[in-house]
Amino acid sequence: MAVRLEFINLIIPVQAIEVKCPDGWSGCLRDHTKSIGRVVWYDDHLFRTGAMDPEMMDNLITKWTRLGFEATEVVDEKVVWKDFCVVDSFRYSRHSCNWLTFDPTMRAAWLRGTDPGEVVWRERFQRYW
C-alpha cells in the first residue's frame, strides 16, 4: 500500500513507531484518534500526518523528536532523513529519504521494497468521523 501525499507530510514507518512510541503502534493510534482521516492516515507500513504551513510542520517535528525519534543522520557525507521523512505533495524534501519510494504523479509514497498497491487517503477512514 501507499499513502497519499497532501501539502507537507511527515511520514514515519510503523515499525519505528512500534519501537519508539510509548505503548507502540496501538498507543500512537489511540493518541491520534481525533486526527485519523483528517490529517492522519496510514497503511500497513507507514503513518502519515501533515500540515499546511512550515511552522506547523516544525511543531510536528519537535513533537516526534521529543518522543525519541531522530530526524536526520549523515550517510556518506550527506544528511538524510532517519526515523521520519518530511516531504511535500510533489516529492520535494530538504533531504533524501532512503527508505521511501515516491510517485509524484500519484502524489503517493510507500515503504521501499514493498508493493505500492492501493493508495490510502482520508476516505479510507471516514468511519472515524
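Residues numbered from 1 in each chain as written. Predicted model: local features only at pLDDT ≥ 70, side-chain atom pairs only at ≥ 80, totals over all residues. Heavy atoms only, no water.

## Some details on helix α2 (residues 24–31)
Right, so step 1: Every buried residue belonging to α2 is among G24, W25, G27, C28 and L29, and all of these are buried.
Right, so step 2: Here the buried face of α2 lies against α1 (14–20), β3 (41–42), β4 (46–51) and α3 (54–66). (Buried < 20%, exposed > 50% of the residue type's maximum accessible area, 1.4 Å probe, protein only. Helix = DSSP H or I, 4+ residues; strand = E, 2+ residues; numbered from the N terminus. Contact = heavy atoms within 4.5 Å.)

## Comments concerning the pattern of salt bridges
Right, so step 1: Under the criterion given, the structure shown has 5 salt bridges.
Right, so step 2: Between K20 and D83 there is a salt bridge whose closest N-O contact spans 2.8 Å. Of this pair, K20 sits in helix α1 while D83 sits in the loop between β6 (78–81) and β7 (85–88), and the two are 63 residues apart along the sequence.
Right, so step 3: For K20, a relative accessible area of 28% gives the class partly exposed.
Right, so step 4: On the basis of relative accessibility, which here comes to 10%, the residue D83 falls in the buried class.
Right, so step 5: Between K82 and E70 there is a salt bridge, and its shortest N-O distance comes to 3.0 Å. Here K82, found in the loop between β6 and β7, pairs with E70, found in the loop between α3 and β5 (72–75); they are 12 residues apart in sequence, far enough to count as distant.
Right, so step 6: Take K82: its relative accessible area is 27%, and that puts it in the partly exposed class.
Right, so step 7: Connected via shared salt-bridge partners are D23, R30 and D31. (Salt bridge = Lys/Arg side-chain N within 4 Å of Asp/Glu carboxyl O.)

## Observations regarding the packing of aromatic side chains
Right, so step 1: For the structure on display, the rule yields 7 aromatic pairs.
Right, so step 2: Measuring from centroid to centroid gives 4.8 Å for Y42 and F125, while their planes differ by 45°, and the two rings are tilted. One end of the pair, Y42, is in strand β3; the other, F125, is in the segment after β10 (119–120), and 83 residues separate them in sequence. With respect to class, Y42 is no different from F125; both count as buried.
Right, so step 3: Here W64 and F69 contribute two aromatic rings whose centre-to-centre distance is 5.2 Å and whose plane-to-plane angle is 85°, an arrangement assigned as edge-to-face. The burial state of W64 is the same as that of F69; both residues are buried.
Right, so step 4: The side chain of R48 reaches across the aromatic face of W41, ending 4.2 Å from its centre. (Phe/Tyr/Trp six-rings, centres within 6.5 Å; stacked < 30°, edge-to-face > 60°. Lys NZ or Arg CZ within 6 Å of the ring centre and 35° of its normal.)

## A word on unusual backbone geometry
Right, so step 1: Its identity is not glycine, yet F7 carries a phi of approximately 55°, on the positive side.
Right, so step 2: Note that F7 resides in the loop between β1 (2–4) and β2 (8–13).
Right, so step 3: With a phi angle near 50°, R107 is a residue other than glycine that sits in the positive phi range.
Right, so step 4: Under the relative-accessibility criterion, R107 is labelled partly exposed at 36%.

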